[in-house]
Each structure stands twice: as structure tokens, then as C-alpha cells.
Amino acid sequence: MVERHEIETFLTLAEELHFRRTAARLGLAQGRVSQTIKKLERRIGAPLFERTSRRVALTPIGQQLRDDLLPAYEQIQRAIARAIAVGRGITDTLRVGYSTPWVGDLVVHAGDVFRARHPHCDVHVREVQLSDPLGPLRSGELDLQITEFPIDEPDIGAGPVVFLEPRALMVPAGHPFARQETLSLEDLAHTPLVTVTGRIPQDWLDYHLPTHTPAGRHIPRGPTTAFWPEILALVAAGKGVFPVSARAALYHARPGVAFISFRDAPPVAYGLLWPTAGETPRVRAFVEIVREAVGIDDGASM
């Protein structure tokens, strides 16, 4: 009877046609690959590969064996992968949200890796609106998301910070701030701040859209809106300024708007969120892929 590892070694060598690459792919010594193929050829009673110092090629019998084995082997692999996915609960659909385009880039990349590793679970990606950053998680429309911290809500679990972005101020192009190389948080006391309204945690608003500078000076309030496109329009129209990640300049540059970096503001932290009652194998698997994508290896866990 042909053993499974013999079939796997044969099919890998039939694809690679190179003993060293086959050994590296299977995590075996090159001599072990040669021994396994020789044993299989003795069992079949005919050579499966033509070997020279320059090349490795399938014999006609080897080609026929590959063509006969490969569909059945792939079907077995799919069946095993399906059973593992079901056993781990990584099936159906994972719904992931993001708050900004640059976070969306990360989520889409992680979704591609997730689908490759868990082919029986699809990933749906959607943007989370500024006016209701936690609503989709709470309603069950999303399983997890990456958004700006801080979030400290009893029904929302917070995972690791996945990356940090320098903070900047979006200002009208004709504003005096637009002529400066950098700004201080104290400068916010000299210009109206566009604010947002909606179902937004108060501590999040206090952190990102403060009412006072670090020295205690009042920050005047400008127009209020619930939508990001309106913030861009209001700033361009000279109605106020708005704090953003510095990377926003790469995604939202438009006439009438300038982006000036803060020299004394803490960075914007982006982290993973999920409902505390919704920590599933799918969510854990996606979190691990995001951690890998951004190079988190400090042992932080859910």
C-alpha cells in the first residue's frame, strides 16, 4: 500500500521537478526525498522520474500517475481543510469594519490572507461611519473592526493597538496656520474646531476633539457635522480646522485644504474592537492575521 507521505512527496516533486526545492517545501532532508521516491518506484516497478545532473523530468508512467493522483489528493486536502474549519468554527462569513482608508488597506490585505488560510469562510469589508463608530458592532452588523482608540465601553472588547499615526491639523489653505511648518496643540485656542455629532463615546470626543488645550485654554467650537465629506467641505470653506492623522493628506488632499503636522501631539492609535459577547474563532483568527501583518509579536492577546 502506498503511504500518504509517499504520495505527497511524489506530487510535490512532480510539480517542482527539483529535489532541493521539494525537500525545502516539505521540510525534509534532500536524501529523504530521494529515498522516498526510490521506494515508491520499486513498489510500482518502473521509474517515475528521469534524473540527470541538469534536470529532473517525469517519465510517461510518472505523468500518468500524477494525473491520476492529483485530483483525488486535492479532494482529500479540501475535505481535511473543511473539517478543520468546521471544527474551529471558521466558516460562513466574517464581517470586518474600518474607520479610515488607510485602515481599509490593512483590512483588505488581512482579508485576502484570511480567505487563503480559511477558504470556507468569506470576509466582507465595510467602512464605519464617523457619526456611529460602534453602532454596527453593537447591532451585530460587524464582527470586529479597526478604529481610532481610545474606546472604553463595557460591551466592546479592545484588542492590541495595531499601528500609530502622527497627528496633524487639517486647515483652510488660506489660514495663517497653513504657512507654518508645524503646530502646537496650544494653537487650537486661536481657531474654531469643526466637531462631529452622533452616537460617539464622550471620552473619544474629549480625546480627539478637546474643548481645552493642554494648558487649559478654551478651544472655540466651529460647525458640527456627522459626515466626513462635510468636514472636508467646511474646512475648505474656511469654517474651521479639524485634527486628523498625518496620512490623511495622502488620501484626502483637495483644493482649499492643507495638512500641518503637530509637534507636540500624541499619535493616533488604531486598534481592534469586537463585541465582548462575540469573541469567536473567526474573530481570533482574523486578529492573529492582522497582528502578523503589522508585526505584533509581543504576546498581546484577546
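Residues numbered from 1 in each chain as written. Predicted model: local features only at pLDDT ≥ 70, side-chain atom pairs only at ≥ 80, totals over all residues. Heavy atoms only, no water.

*Asks:* Teacher, can you tell me more about the overall build of the protein here?
*Replies:* In terms of regular secondary structure, the protein is built from ten helices and 13 strands. Principal axes of the C-alpha set define a box for the protein whose edges measure 90 × 45 × 30 Å. Residues counted as buried form 44% of the 302 residues belonging to the protein. Counting contacts in the protein only where the partners sit at least 6 residues apart, residues at least 24 apart contribute 72% of the total. Accessible surface, the protein as shown: approximately 15500 Å² in total, 52% of it carbon and sulfur. On the protein, the mean spot of the 33 positive side-chain charges and the mean spot of the 35 negative ones are 7 Å from each other. (Helix = DSSP H or I, 4+ residues; strand = E, 2+ residues; numbered from the N terminus. Buried < 20%, exposed > 50% of the residue type's maximum accessible area, 1.4 Å probe, protein only. Contact = heavy atoms within 4.5 Å. Areas by Shrake-Rupley, 256 points an atom, 1.4 Å probe, with all protein chains shown as cover. Lys, Arg positive; Asp, Glu negative; His and termini not counted. Charge placed at Lys NZ, Arg CZ, Asp CG, Glu CD.)

*Asks:* Quick question: what am I supposed to make of the pattern of salt bridges here?
*Replies:* Once their charged atoms are close, side chains differing in charge can pair, the charge on each being opposite to the other. Scanning the entire structure with this criterion turns up 18 salt bridges. Glu6 is the partner of Arg43 in a salt bridge, and the nearest nitrogen-oxygen pair spans 2.9 Å. With a gap of 37 residues between them, Arg43 in helix α3 (residues 30–44) and Glu6 in helix α1 (residues 4–16) connect regions that are remote in the sequence. A salt bridge links Glu16 to Arg21, with the nearest nitrogen and oxygen atoms 3.2 Å apart. Exposure remark for Arg21: the relative accessible area of 39% places this residue in the partly exposed category. (Salt bridge = Lys/Arg side-chain N within 4 Å of Asp/Glu carboxyl O.)

*Asks:* What's the story with the packing of α1 against helix α2 (residues 19–26) in this structure? I'm lost.
*Replies:* When two helices pack together, their arrangement is given by the angle between the helix axes and by the axis-to-axis distance. Look at α1 against α2: their axes get within 9 Å of each other, and the N-to-C directions meet at 130 degrees. Overall, the two elements α1 and α2 adopt an arrangement that is oblique. When you trace α1 past α2, the crossing you get is right-handed. On the side of α1, the interface is formed by Glu8, Thr9, Thr12, Leu13, Glu15 and Glu16, while α2 contributes Phe19, Arg21, Thr22, Arg25 and Leu26. Residues of the contact of α1 with α2, tallied by class, amount to three nonpolar, three polar and five charged. (Axes fitted to C-alpha atoms, helices over the stretch in contact; angles between N-to-C directions. Parallel < 35°, antiparallel > 145°, perpendicular 65-115°, else oblique. Left-handed = near helix turned anticlockwise from the far one by under 90°. Nonpolar A, V, L, I, M, F, W, Y, C, P; charged D, E, K, R; others polar.)

*Asks:* Looking at this structure, how should I read the sheet that holds strand β11 (residues 242–245)?
*Replies:* Sheet strands associate in pairs through backbone hydrogen bonding, adopting either a parallel or an antiparallel arrangement. Read from one edge to the other, the open sheet built from four strands follows the order β8-β12-β7-β11, with strand pairing classed as mixed. The sheet is open, and its two edges are formed by β8 (182–183) and β11, each paired on a single side. Alignment of β8 against strand β12 (residues 257–262), held across two bridges, turns out to be parallel. Across the sheet, residue Thr182 finds its bridge partner in β12, namely Ser261. Most of the contacts of helix α8 (residues 228–236) go to strand β7 (residues 167–172), to which it runs at about 60 degrees, and overall it touches β7, β11 and β12. (Pairing = 2+ DSSP bridges.)

*Asks:* It is not clear to me how the pairing of strand β3 (residues 92–98) should be interpreted in this structure. Could you clarify?
*Replies:* Residues in a regular strand project their side chains so that they alternate between the two faces of the sheet. As paired elements, β3 and strand β4 (residues 121–127) share seven bridges and run parallel to each other. Paired with Val96 across the strands is Val125, a residue of β4. The pairing of β3 with strand β5 (residues 144–148) spans three bridges and is classified as parallel. Within β5, the position partnered with Val96 by the bridge is Leu144.

*Asks:* Would you mind going over the nonpolar core with me for this structure?
*Replies:* Side chains of a nonpolar character, in soluble globular proteins, are inclined to be buried together. Ranked by internal contacts, the top residues of the largest apolar core, which has 63 residues, are Leu144, Ile146, Met170, Phe242 and Phe286. Residue contacts for Phe242: discarding those within four places in its chain leaves Ala168, Leu169, Met170, Leu193, Val194, Val196, Leu209, Trp228, Ile231 and Val235. (Core = buried A, V, L, I, M, F, W, Y, C linked by side-chain atoms within 4.5 Å.)

*Asks:* What should I look at first to understand the side chain of His175 in this one?
*Replies:* Relative to the helices and strands, His175 resides in the loop between β7 and β8. At a separation of 3.1 Å, a polar atom in the side chain of His175 contacts the side chain of Thr191. (Polar contact = N/O pair within 3.5 Å; in protein donor to acceptor, adjacent residues only side chain to side chain.)

*Asks:* Even after reading the chapter, I still don't get α2, so can you show me in this structure?
*Replies:* Three or more residues of α2 are buried, namely Phe19, Thr22 and Ala23. Projected onto a plane normal to the axis of α2, the buried residues spread over an arc of 100 degrees and lie on a single side. For α2, the exposed residues lying more than 90 degrees away from the buried face are Arg20 and Ala24. The inward-facing, buried residues of α2 abut α1, α3, β1 (49–51) and β2 (56–58). Of the residues trailing α2, Gly27 is marked for its positive phi of about 70 degrees. (Arc of directions from axis to C-beta.)

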